[in-house]
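Letter by letter, the chains look like this.
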Amino acid sequence: MKHQPRVLIVEDEPAIAELIAVNLRHNGFEPVLAGEGVAAQREIDTVLPDVILLDWMLPGQSGLALARRWRTDARTRGVPILMLTARGDEPDKVAGLDAGADDYITKPFSTQELLARIRSVLRRRAPEQAGGSVAMGALVLDSAAHRVSWQGHILKIGPIEFRLLNYLMKHGERVHSRAQLLDKIWGDHVFIEERTVDVHVKRLREALGAAGVMLETVRGAGYRMTARPQTPIRT
Ligand code: CA
């Protein structure tokens, strides 16, 4: 039998949680319910889900705090998180994505929209997980271990910056426009501005330290990771 993706639904409103669960079950997913963070953690500790649907407003720890924690925890770092938010909470969505959520969906949503988002985060995560490691000079990114090192030293890097670097390294020496990066790293979020890319590129450069010069800005075109930067690497 085909593997049914396990979806952990962290939602404190039983009617919504049950509705989502029924729809997921009818569409080949295996839903698991948790009403708040502690129960959700217990489920995660037992069986790692393939996707987490995380409500923003929860009793106890907020969805935002949970997303942050799961993103930094080695066990859950690779699990896609889809945040459920209330209509009109745009700053919340940005904060959620910043905390490491892969996508968001606004309540009320249709089953079709939810399924499309879940399939999309599963697709986006898959190549990254299967990717193994990629190297550019002394810079090495290990997808499976979710680790980046420069000259053998592990670098501290945020979740979005990691995905950005992963993409840029796997498609190295090529220039990517901000719009392309938004699409590949964030998905098609209409509300995210292109300058968001610049913010994360800046953070990524800082995290890379001496190797930061390998991430080049190509004026009027976008960004590129190169093994032969214009500015020499300080060693
Ligand atoms: Ca709620």
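Residues numbered from 1 in each chain as written. Predicted model: local features only at pLDDT ≥ 70, side-chain atom pairs only at ≥ 80, totals over all residues. Heavy atoms only, no water.

### As for the coordination of the calcium ion
Right, so step 1: On the protein side, the calcium ion has D12 (OD), D55 (OD) and M57 (O) as donor atoms, found 2.1 to 2.3 Å from it.
Right, so step 2: Linear spacing of the donor residues for the calcium ion on their chain is D-x42-D-x1-M.
Right, so step 3: Residue classification places M57 among the exposed residues on the basis of a relative accessible area of 61%. (Donors = N, O, S within 2.8 Å, 3.2 Å for Na, K, Ca; no water. Buried < 20%, exposed > 50% of the residue type's maximum accessible area, 1.4 Å probe, protein only.)

### A short note on the sheet that holds strand β4 (residues 81–86)
Right, so step 1: Strand order in the open sheet made by the five strands is β2-β1-β3-β4-β5, with parallel pairing throughout. The sheet terminates laterally at β2 (30–34) and β5 (103–107), the two strands that pair on one side only. Strand after strand, the sheet turns through a mean of 20 degrees between neighbouring axes, direction not considered.
Right, so step 2: The sheet strands contacting helix α2 (residues 37–46) are β1 (6–10), β2 and β3 (51–55), and the helix crosses β1 at an angle near 165 degrees. (Pairing = 2+ DSSP bridges. Helix = DSSP H or I, 4+ residues; strand = E, 2+ residues; numbered from the N terminus. Axes fitted to C-alpha atoms, helices over the stretch in contact; angles between N-to-C directions. Contact = heavy atoms within 4.5 Å.)

### Considering the sheet that holds strand β7 (residues 139–142)
Right, so step 1: Strand order in the open sheet formed by four strands is β6-β7-β8-β9, and the pairing between neighbours is antiparallel. On the outer flanks of this sheet lie β6 (133–136) and β9 (153–155), each paired with one strand and no other. Geometrically, the sheet is characterised by an average inter-axis angle of 25 degrees between neighbouring strands, direction not taken into account.
Right, so step 2: Across four bridges, the pairing between β7 and strand β8 (residues 147–150) is antiparallel.

### Quick look at the layout of surface pockets
Right, so step 1: In this structure, the largest pocket occupies an estimated 380 Å³ of space.
Right, so step 2: Residue lining of the largest pocket: 17 residues in total, with T72, R77, I157, G158 and P159 positioned closest to the centre.
Right, so step 3: Secondary-structure elements contributing two or more residues to the lining of the largest pocket are α3 (63–72), β8, β9 and α6 (159–170).
Right, so step 4: Per-element accounting of the lining of the largest pocket gives the leading share, three residues, to α3. (1 Å grid on protein atoms, 1.4 Å probe; cavity = no way out; pocket = protein on both sides within 12 Å on 5 of 7 lines; lining within 4 Å. Points joined across faces, edges and corners; volume = space filled by probe spheres on them.)

### Focus on the domain arrangement of the chain
Right, so step 1: You can read the domains of the chain as domain 1 (6–128) and domain 2 (131–225).
Right, so step 2: With centres defined by C-alpha atoms, the gap from domain 1 to domain 2 works out at 25 Å.
Right, so step 3: Taken together, the contact pairs 17 residues of domain 1 with 19 residues of domain 2.
Right, so step 4: Interface area for domain 1 against domain 2, summed over the two sides, is near 1300 Å², with a carbon-plus-sulfur share of 50%.
Right, so step 5: With a shortest N-O distance of 3.3 Å, R163 and D102 are connected by a salt bridge.
Right, so step 6: Between domain 1 and domain 2 we count one residue pair in polar contact (both at pLDDT 80 or more) in total.
Right, so step 7: Among the elements of the structure, α4 (90–98), β5 and α5 (111–130) are those that each provide at least two residues to the side of domain 1 that touches domain 2.
Right, so step 8: Here the residues of the side of domain 1 that touches domain 2 are counted per class, giving five nonpolar, one polar and 11 charged. (Domains from an automatic or database assignment. Buried area = accessible area lost by both parts, 1.4 Å probe. Salt bridge = Lys/Arg side-chain N within 4 Å of Asp/Glu carboxyl O. Polar contact = N/O pair within 3.5 Å; in protein donor to acceptor, adjacent residues only side chain to side chain. Nonpolar A, V, L, I, M, F, W, Y, C, P; charged D, E, K, R; others polar.)

### Concerning the pattern of salt bridges
Right, so step 1: Inspection of every chain in the model, using the stated rule, returns 15 salt bridges.
Right, so step 2: With its nearest N and O atoms 3.0 Å apart, the salt bridge here joins R117 to D103. Placement of R117 in helix α5 and of D103 in strand β5 is noted, with a sequence separation of 14 residues between them.
Right, so step 3: Its relative accessible area of 18% is what places R117 among the buried residues.
Right, so step 4: Judged by relative accessible area, D103 falls into the buried class, the value being 3%.
Right, so step 5: One salt bridge connects R117 with E113, and the closest N-O pair in it is separated by 3.8 Å. Remark: E113 and R117 occur in helix α5; sequence separation between them is four residues, near one turn of the helix.
Right, so step 6: Accessibility expressed as a relative area gives 31% for E113, which makes it partly exposed.
Right, so step 7: Residues joined by salt bridges that share partners form a network here, namely E11, E13, D55 and K107.

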